[in-house]
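Residues per chain, in single letters:
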Amino acid sequence: ASYASFHALNAKECITRLKNFGINEMDISAIDLIIVQKRWSKIGKENVLERKIVEIAEPVLCEKGIELNYLFEFDFEKNKLLKKNETKRFPSKFLQSFGLKESRTKKELKNRAKFLQKIAAKKPTINEFNELAGEMNYAKN
């Protein structure tokens, strides 16, 4: 796994900027996800910056070129990240990469979703989250 940081206002601008750098659409389609994080000052509080993920999109190569499939978008009125669409690429790539069967993968994803919901209610710090995640992985092995 690898990741890179890139500055753009949103996923669409990210794709446009990559194209302007001369990166072709076939290479752009190798990107699994574009995650857009924004930061802003909290109203009424001095020197408090808030960071939120506001978009998660996957680039999909089509006959027309690269299109973005928006998986999640931040709803500012509800102050939460909302699911918009199902992934078009992840399941097959995941299965291929790890040599898993679809039924086993679905079961594993359900288990991990339950785990995340359980610890999200506790609102752990990053260190607490890492500890809990390590305990989950240790229990499985």
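Rules used in this analysis
Residues numbered from 1 in each chain as written. Predicted model: local features only at pLDDT ≥ 70, side-chain atom pairs only at ≥ 80, totals over all residues. Heavy atoms only, no water. Patch = residues over 30% accessible without salt bridge, like charges linked within 9 Å, V, L, I, M, F, W, Y side chains within 5 Å. Areas by Shrake-Rupley, 256 points an atom, 1.4 Å probe, with all protein chains shown as cover. Salt bridge = Lys/Arg side-chain N within 4 Å of Asp/Glu carboxyl O. Helix = DSSP H or I, 4+ residues; strand = E, 2+ residues; numbered from the N terminus. Pairing = 2+ DSSP bridges. Axes fitted to C-alpha atoms, helices over the stretch in contact; angles between N-to-C directions. Buried < 20%, exposed > 50% of the residue type's maximum accessible area, 1.4 Å probe, protein only. Arc of directions from axis to C-beta. Contact = heavy atoms within 4.5 Å. Polar contact = N/O pair within 3.5 Å; in protein donor to acceptor, adjacent residues only side chain to side chain.

Draft legend 1. Representation of a nonpolar patch on the surface in the model. A cluster of nonpolar side chains, contributed by L33, I35, I53 and L81, occupies part of the molecular surface with about 320 Å² of accessible area. Here L81 lies in strand β4 (residues 80-83).

Draft legend 2. Structural detail: the sheet that holds strand β2 (residues 49-62). Spatially, β1-β2-β3-β4 is the arrangement adopted by the four strands of the open sheet, whose pairing is antiparallel. Whereas interior strands pair on both sides, the edge strands pair on one side only; in this sheet they are β1 (34-41) and β4. Averaged over all pairs of adjacent strands, the angle between strand axes in this sheet comes to 35 degrees, irrespective of strand direction. Where β1 and β2 come together, eight bridges link them in antiparallel fashion.

Draft legend 3. Expanded view of helix α1 (residues 11-20). For α1, every residue scored as buried is listed here: A11, C14, I15 and L18. Angularly, the buried residues of α1 cover 95 degrees about the axis, an arc narrow enough to put them on a single face. For α1, exposure combined with an orientation more than 90 degrees from the buried face picks out K12 and N20. Those residues of α1 that are buried are in contact with α2 (25-28), β1, β2 and β3 (65-75). For α1, the N-terminal capping position is held by N10, with its side-chain oxygen 3.2 Å away from the main-chain nitrogen of K12.

Draft legend 4. Main features of the pattern of salt bridges. Under the defined criterion, the tally for this structure stands at three salt bridges. For E25, the salt bridge identified is with K19, shortest N-O distance 2.9 Å. The exposure class assigned to E25 is partly exposed, which follows from its relative accessible area of 26%. The exposure class assigned to K19 is partly exposed, which follows from its relative accessible area of 36%.

Draft legend 5. Spatial organisation of the side chain of E58. Mapped onto the elements of the fold, E58 is located in strand β2. Not counting chain neighbours up to four residues away, the residues in contact with E58 comprise D32, L33, E67, L68, N69, L71, E86, T87, K88, R89 and F90.

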